[in-house]
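Residue-level structure breakdown
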Amino acid sequence: MKECGEIRELIPFYVEGELSKDEINIVKGHIEACEECRAEYEETKEMLSMLKGVEDIELPEGFSEDLHKKLSKESGVNRKVIRFIKSKYFKTLSTVAACLIIFIAVRGMLDKNRFDFRDKASGNDEKMLTMQEQAVETKSIEDITKYGNEGSVEKMAVDEDVCANLGDKPEKSAVNGSDAGIVDVIINLKADNPDREYMKIAKYVNEQEKENESHIKSDEDDAGSFSQKSNTYSLRIRNDMYAEFENYLNSNYASIEIIPVSKEKSNLDIDEYNRQLENIEKQINEINKKEDSDPEKIEGLNKQKDMILSNIRELEAEIQYTNIELTIVK
Amino acid sequence: MNDLEQKLLKNAQKGDIEAFEKLIEKHQKMVYNIAFRMMGNREDAYDMSQEVFIRVFNAIGRFKGNAAFSTWIYRITKNVCLDEHRKRKNKNTLSIDKELEGEQGSIQRQLRDDSPSPEEIFEKKAMKKTIQEAINNLPDQHKIVIILRDIKGFSYQEIAKIIECPEGTVKSRINRARKALKDILYGNRELLNTEYVK
C-alpha cells in the first residue's frame, strides 16, 4: 500500500482520468479505505469541476474594429520606418552615428578600469569570477598601457577588434581549468546600450527568482546569479526557468544568437528518463513472459532501472542550473 | 493549418492586414478569455488581447511554423500578461484589494445538484465568489497552468509547448498550483464554516 502523500499527488490526475489502469486501481483502493484521502479526493473533484465550469466571456463589441485601427497604424509606422531606413538621410545619419560609437568605444577603453559592475548578490561564484576578472583586467591594462602611452587614437581605432574581443578571449582561457566556469549556453545579443540591457536582464532574472520562491522552499539564497566582465556576462539560471528566460530574450531582442555548448553536464530531463524507464520495464515484462527467462539479464535490467529511478529522484530533489555566457554588443 | 490558412498566413506575412484578421479571427475569444483569467478584469483583458495581436502581427514574418499557429499565439498571450504583471509589480500599482470581476452564475450551475442544505448553498455561493479571487491570488506561474489546464482544458503536451517547459515540469507545476488553489478555496470554507454556520 502506498503512502497517503504519494496517493495525494495522484488524486488530481485520477480525477482527470490521466492515470494508467494500475494506478487507477491503487488510488481507488486507497481512497475507499482512507477517510482523509477520500475527503481530499472529494475536494479535488469539486474544485476541478468548478474550474471546468468557469464559462467563457464574450468578446466585447468593437474589439475587431479597434484592433483594425491599431494594425493599420502599426503597418503605416513600419512602412515609414522602412522608407526612412532606405533614404539617403538615414545613410548619412548612420555613418555619423557609427563614427560617434567608435569614438565612445575608444574613450571607454581608456577609462576601462573605472567600470566595475559586479553584482554583489552572486554569492560563492563571485570569488572565482573575481579571479577571472582580474585576469581580464590585467590583460586589458597591459593593452591600454601599450597603446595609451603612445596616445595615438588612430592606432586604437585600428585595434577595435581587440577591444571587442577583450571580454571573451582571456576569460575563456581562465575558465578552462575550473569547474565553476562551465558554460552550457552562449548567448549573443545586440543592443544599443549593453550596460542598460544587462541591468534590465539582471532585474528580470532576479524577479523571476523571487516569483518562483514560492515553489521551492529550500535554496532560497541560491538564486540565479550575474557577474560581469567587459561586455560578457556570466549568468546561471535554474533549469526550470531557463526556457522562459530564453523566450523572454527572444521576444525582446531582434538580433539574438543562442548557441548551446555542453549539454552532457546539464543532464537529460525527467521526460527522457521516464522514457528510458518505460523502455526497460517493457523489456523486463517481455523477458518475464518467456519460459526460459534469464535471471541474470533481469537482474541487470533491474539495476539499470534503479539507477534511472535514483537519477530522477536526484533531478527532482536538487535545483539544476544552466550556465550562460551572455555577450551584449552594440 | 489548412490550405486557406496557409495562404492567409503567407499574405499576412507580407503585411496584408485583412488576411491577418481572418487568420486570427477564431483565436480572438480564446486569447481574450485567457487574458481575462490572467488579469482578473475585462478592461485589462481587452488591452492585453489587443497588445497580443499587435505583437503577433509585428512578429508574424518570423513565424516559421515550428509550432502550431495557435500555440504560438497563446505563448505570446502568456508573455504579454506576465510582462504586464512584472511591469506593475515594479511600479507597485497592483493592488491585492483591487475589485475583481467574475461572471455571475456560471459556477453555481456546475455544482452537483443533490438538493443541498442551506449551509451548503451558502458555502457554494461563497465559493463561487471566491474562486475568481482565488485564481487571481495565485502566483503567475501557477495561474497560467490552472487557466490552461483546468479552465480551458488544454492537454499537458500543448501546455508544455505554450509555456516552453518539459511535460514533466508542467505536471509538477500544475500539482503545486492545484494544491495552492485548494488551500485558498477550502481554507476559506473552513473559516466560513466556523464563523457563520454554527
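Placed above this text is the structure.
All values reported here derive from a predicted model rather than from experimental measurement.

**A look at the packing of aromatic side chains**
Counted by the stated rule, this structure contains 13 aromatic pairs over all chains. Plain terms: the ring middles of Phe20(B) and Phe57(B) are 5.0 Å apart, the flat faces sit at 70° to each other, and that makes the pair edge-to-face. Residue Phe20(B) is found in helix H2 (residues 17–24), and its partner Phe57(B) is found in helix H4 (residues 42–59); the two are separated by 37 residues along the sequence. Taken individually, Phe20(B) and Phe57(B) each receive the classification buried, so the pair is uniform in this respect. Both rings, one in Phe69(B) and one in Trp72(B), keep their centres 6.0 Å apart while their planes meet at 35°; by these two values the pair is tilted. Of the two residues, Phe69(B) and Trp72(B) both sit in helix H5 (residues 69–91), three residues apart, roughly one turn of that helix. Ring pairing ties together the aromatic residues Phe63(A), Tyr32(B), Tyr46(B) and Phe53(B), which thus form one cluster. Just above the ring of Tyr156(B) sits the side chain of Arg149(B); from NZ or CZ to the centre is 4.5 Å. Note that Arg178(B) overlies the ring of Phe13(A), its terminal NZ or CZ placed 5.8 Å from the centroid.

**Some points on the interface of chain A and chain B**
It is common to give the size of an interface as the accessible area lost on bringing the parts into contact. Across the boundary between the two partners, chain A contributes 53 residues, which contact 66 residues of chain B. Summed over both partners, the interface of chain A with chain B comes to about 5,600 Å²; 52% of that surface belongs to carbon and sulfur atoms. A salt bridge links Arg173(B) to Glu244(A); its shortest N-O distance comes to 3.8 Å. In this assembly, chain A and chain B are joined by 24 residue pairs in polar contact (both at pLDDT 80 or more). Contributing elements (two or more residues each) for the side of chain A that touches chain B: helix H1 (4–16), helix H3 (35–52), helix H4 (63–86), helix H10 (194–212) and helix H11 (239–252) of chain A. Partitioned by chemical class, the residues of the side of chain A that touches chain B number 16 nonpolar, 16 polar and 21 charged.

**Describing the packing of H3(A) against helix H7 (residues 140–151) of chain B**
In contact at an axis separation of 8 Å, H3(A) and H7(B) are set at 85° when each is read in the N-to-C sense. Relative to H7(B), the element H3(A) lies roughly perpendicular. Facing H3(A), whose interface residues are Leu48(A), Leu51(A) and Lys52(A), H7(B) presents Ile146(B), Asp150(B) and Ile151(B). In terms of residue class, the contact of H3(A) with H7(B) is built from four nonpolar, no polar and two charged.

**A look at H2(B)**
Residue and element names in this part refer to chain B. Of all eight residues making up H2, six are buried, and the element is well covered by its neighbours. Inspection of H2 places Ile 17, Ala 19, Phe 20, Glu 21, Leu 23 and Ile 24 among the buried residues, and these make up the whole buried set. Its side-chain oxygen placed 3.0 Å from the backbone nitrogen of Glu 18, Asp 16 serves as the N-cap of H2.

**Quick look at the nonpolar core**
Core analysis: the biggest nonpolar cluster contains 77 residues, and Leu51(A), Phe69(B), Ile73(B), Ile163(B) and Leu181(B) have the highest contact counts within it. For this core, the element with the highest residue contribution is H4(B), accounting for nine residues. Beyond its immediate stretch of four places on either side in the chain, Leu181(B) contacts Met47(A), Leu51(A), Ala134(B), Ile135(B), Leu138(B) and Ile146(B). Within the second largest apolar cluster, 21 residues are counted, among which are Val205(A), Leu235(A), Tyr242(A) and Phe245(A).

Here is what the cut-offs are and how they apply
- Residues numbered from 1 in each chain as written.
- Chains lettered and ligands numbered in written order.
- Predicted model: local features only at pLDDT ≥ 70, side-chain atom pairs only at ≥ 80, totals over all residues.
- Heavy atoms only, no water.
- Phe/Tyr/Trp six-rings, centres within 6.5 Å; stacked < 30°, edge-to-face > 60°.
- Helix = DSSP H or I, 4+ residues; strand = E, 2+ residues; numbered from the N terminus.
- Buried < 20%, exposed > 50% of the residue type's maximum accessible area, 1.4 Å probe, protein only.
- Lys NZ or Arg CZ within 6 Å of the ring centre and 35° of its normal.
- Contact = heavy atoms within 4.5 Å.
- Buried area = accessible area lost by both parts, 1.4 Å probe.
- Salt bridge = Lys/Arg side-chain N within 4 Å of Asp/Glu carboxyl O.
- Polar contact = N/O pair within 3.5 Å; in protein donor to acceptor, adjacent residues only side chain to side chain.
- Nonpolar A, V, L, I, M, F, W, Y, C, P; charged D, E, K, R; others polar.
- Axes fitted to C-alpha atoms, helices over the stretch in contact; angles between N-to-C directions.
- Parallel < 35°, antiparallel > 145°, perpendicular 65-115°, else oblique.
- Core = buried A, V, L, I, M, F, W, Y, C linked by side-chain atoms within 4.5 Å.

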